[in-house]
Amino acid sequence: MPVSPIKMADAIRVLSMEAVHKAKSGHQGMPMGMADVATVLFSKFMKFDAGKPDWADRDRFVLSAGHGSMLLYSLLHLTGYKAVTMKEIENFRQWGSLTPGHPEVHHTPGVETTTGPLGQGLATSVGMAMAEAHLAAVYGKDLVDHRTWVIAGDGCLMEGVSHEAISLAGRLKLSKLTVLFDDNNTTIDGVATIAETGDQVARFKAAGWAVKVVDGHDHGKIAAALRWATKQDRPTMIACKTLISKGAGPKEGDPHSHGYTLFDSEIVAARAAMGWDAAPFTVPDDIAKAWKSVGRRGARVRKGWEAAVAASDKGAEFTRAVVKGQLPADAFAKLEAHIAAAVENKPVNATRVHSGSALDQLIPAIPEMIGGSADLTGSNNTLVKGMGAYDTPDYAGRYVHYGVREFGMAAAMNGMALHGGVIPYSGTFLAFADYSRAAIRLGALMQAKVIHVMTHDSIGLGEDGPTHQPVEQVASLRAIPNLLVFRPADAVEAAEAWQVALQQNTTPSVMCLSRQKTPHVRTFAGENQVAKGAYELLAAQGGDAAVTIFATGTEVGLAVAAREVLQSQGKPTRVVSVPCWELFDQQPAAYRKAVIGSAPVRVAVEAGIRQGWERFIGEDGKFVGMTGFGASAPFERLYKEFGITTEAVVEAAAG
């Protein structure tokens, strides 16, 4: 006899409550409540092959409510992902296990994105759906035709980023995106209505989504709703009315069971309520076989797809860009010629303009680059002629108008990068990194190949005043592990920074770029100097260096001017440009020691706060920069008033 779908769902419930119980921490409430929805989704609708977790045309499943990670781990184990053994389930939340407290991409096969910070999974899924739509438009539905499914809870939809993501997806009519809302009216503090009066169904409708409400424990109605979702011409949200901890006997429906670990007696009661008498961490053979058949079902479809790729005239390019994620062989040929020309012609401009000039060379050469801006295209210099707008109904365009949605934009780019086949970049002002920081951090944790263009990088933006003038943002971004923070000085460094960023496969990057013009400082090309993080731009003349000046970005020109004065005073002075601290930290110790040097006087100059500069100048070194917020005035006046001048650097060098 066929195994009852209810029993298949009960397997998720039992594994979830047992793993949480053994770990003495975690959340069995949501996995038990959404087990029925997940069973219908995976057994009847999800396109995947458990034997090939990285199949490029698989459906993506995002558990935005990442605290309910045992739902996902149970599904991965039951459907036959080899890495997620029963031992891993038993070691839930333990050191070295593949079942950490929240799902982590690249750690557990079958996990598509790291989730836990509520709302970000939903926002990331929008980027996945965007990537799918773009690649389908470029390569055709024979090669790209899959969906993105999301489970989100009340907490996800309370977070502000959900509003940005929902409105963006609705505007773009991402019809391959479906959100399954675990509508159980539950948060940690109790019922969700103690803090929420909004109508989520009405909110999604207002944002342009198609919406349905369904009993989240009725398998037939769930299947009908999912079938309906696949036929819509816009994103869909299905509000699944569920009971938290469904099947947990007396704890079923109890709002306080969100993160509650069941007692031994409650485990016994839950097992009795479900009629489950198998030993702990054991799934009866008939149920296990039924689930394993679900995991194998996609193999035939996957093999047919592989044949289609092999037969397609676009197959080689698709394999390069999407399957392998490799850059074109001549990706940097035009950029390197541009660098050589810049060394010779010495262009003077804002580094945001230099960044745009580099993109002029890169966009035609790397077709998988997709740009955008948070309503600041003209300021960020992120649009290259001929890119075309990414928009419904033709998603082949390569430029996204994200609107004023910095957080949602950064999260969507994470999703695009995780999906694969595209290299996303986008722009905003550096001061607004504070809005997108949570997604930048998560992208760094997830090793997402994303490039954040952040212009107006200091008090040099001028008249807009301190609300828009970043002083601590560069330092705060440098504090994020696995994130490259670039602050280039001129056209050459800007181009080199882009080259380095695009060569990264497991590290996102931030480009901190100026509004004001800055002098050209690089007089040599050849080996990419930005790739070293810091390098000697100008050596001391007339003896061993008495002074070393370290600088980034627009202040490198100021350091060069100060060096001329100091040299004229008989003080041999060298200038070190430091475009990327993180890359410098990766260099051999001997190189780092040589670049820092042994000059008795060390001065750092940057139009931001001092934090972190001690690694170059020591505790007793001199710093020329900001100690507080800026002000509204032309940038020349601001640099003078805040003491970031040639004279100030010379004075600091004098002791």
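Residues numbered from 1 in each chain as written. Predicted model: local features only at pLDDT ≥ 70, side-chain atom pairs only at ≥ 80, totals over all residues. Heavy atoms only, no water.

> Provide a residue-level description of the overall build of the protein chain, including the pertinent values.
A count of helical and extended segments in the protein chain gives 27 helices and 20 strands. The globule rule puts the C-alpha radius of gyration for 655 residues at 26 Å, and the 27 Å found for the protein chain is close to it. Summarising its shape, the C-alpha atoms of the protein chain cover approximately 95 × 55 × 45 Å along the three principal directions. Expressed as a percentage of the 655 residues in the protein chain, the buried residues total 61%. Restricting the contact set of the protein chain to residue pairs at least 6 apart, pairs at least 24 apart contribute 77%. Accessible surface computed for the protein chain: about 24,300 Å², of which carbon and sulfur atoms make up 53%. Charge centroids of the protein chain, computed over 64 positive and 67 negative side chains, lie 4 Å from each other. (Helix = DSSP H or I, 4+ residues; strand = E, 2+ residues; numbered from the N terminus. Rg over C-alpha atoms; globule rule 2.2 N^0.38 Å. Buried < 20%, exposed > 50% of the residue type's maximum accessible area, 1.4 Å probe, protein only. Contact = heavy atoms within 4.5 Å. Areas by Shrake-Rupley, 256 points an atom, 1.4 Å probe, with all protein chains shown as cover. Lys, Arg positive; Asp, Glu negative; His and termini not counted. Charge placed at Lys NZ, Arg CZ, Asp CG, Glu CD.)

> Quick rundown of the pairing of strand β11 (residues 423-429)? Include the residues and the values.
For β11, the buried fraction is high: seven of the seven residues fall into the buried class. By the bridge criterion, three bridges tie strand β9 (residues 369-373) to β11 in an arrangement that is parallel. Within β11, the residue paired with serine 373 across the bridge is glycine 427. Bridging between β11 and strand β12 (residues 451-455) involves five bridges; their strand directions are parallel. Residue threonine 428 lies in a different strand from β12, and its bridge partner there is methionine 454. (Pairing = 2+ DSSP bridges.)

> Can you tell me about the nonpolar core, naming the residues and giving the values?
In this structure, Met130, Leu174, Trp209 and Trp291 are the most contacted members of the largest nonpolar core, which totals 131 residues. When residues of this core are assigned to their parent elements, the largest contribution, 11 residues, is made by helix α6 (residues 120-139). Leaving out residues up to four positions away in the same chain, methionine 130 has contacts with Leu168, Leu172, Leu174, Tyr390, Val400, Tyr402, Ala412 and Met416. Residues Ile363, Val453, Ala501 and Met511 belong to the second largest nonpolar core, which totals 35 residues. (Core = buried A, V, L, I, M, F, W, Y, C linked by side-chain atoms within 4.5 Å.)

> Just give me the short version of the packing of aromatic side chains, but keep the residues and values in it.
Throughout the structure, instances matching the rule amount to 19 aromatic pairs. An angle of 85° between the planes, with centres 4.9 Å apart, marks the rings of phenylalanine 204 and tryptophan 209 as edge-to-face. The two residues phenylalanine 204 and tryptophan 209 agree in class, both being buried. By the ring-pair criterion, three or more aromatic residues cluster together here, those being Phe550, Trp581, Phe584, Tyr591, Trp613 and Phe616. (Phe/Tyr/Trp six-rings, centres within 6.5 Å; stacked < 30°, edge-to-face > 60°.)

> Give a detailed account of the pattern of salt bridges, specifying residues and quantitative values.
Within the structure shown, the criterion is met by 27 salt bridges. Note that aspartate 254 and lysine 251 form a salt bridge whose closest N and O atoms lie 2.8 Å from each other. Using a relative accessible area of 18% as the deciding quantity, one classes aspartate 254 as buried. Residue arginine 610 pairs with glutamate 614 through a salt bridge whose shortest N-O separation is 2.8 Å. Among the ionic contacts, a cluster of salt bridges with common partners joins Asp10, Arg13 and Asp36. (Salt bridge = Lys/Arg side-chain N within 4 Å of Asp/Glu carboxyl O.)

> So, unusual backbone geometry: which residues are in play, and what are the values?
Here threonine 392 and proline 393 are connected by a cis peptide whose omega angle stands at 5°. Here proline 393 lies in the loop between α17 (377-380) and β10 (399-401). The residue histidine 106 is not glycine, and still its phi comes out positive at about 70°. Checked against the element boundaries, histidine 106 lands in the loop between α5 (86-90) and α6. With a phi angle near 55°, lysine 346 is a residue other than glycine that sits in the positive phi range.

> Explain the sheet that holds strand β18 (residues 573-577) residue by residue, including any values.
Strand order in the open sheet made by the five strands is β16-β18-β17-β19-β20, with mixed pairing throughout. Edge positions in the open sheet fall to β16 (535-538) and β20 (622-624), since each of these has one partner strand only. Going from strand to strand, the sheet's axes swing by 30° on average, the running direction of each strand aside. Packing against the sheet, helix α22 (residues 555-568) makes contact with β16, β17 (547-551), β18 and β19 (601-605), and its axis sits at approximately 165° to β17. (Axes fitted to C-alpha atoms, helices over the stretch in contact; angles between N-to-C directions.)

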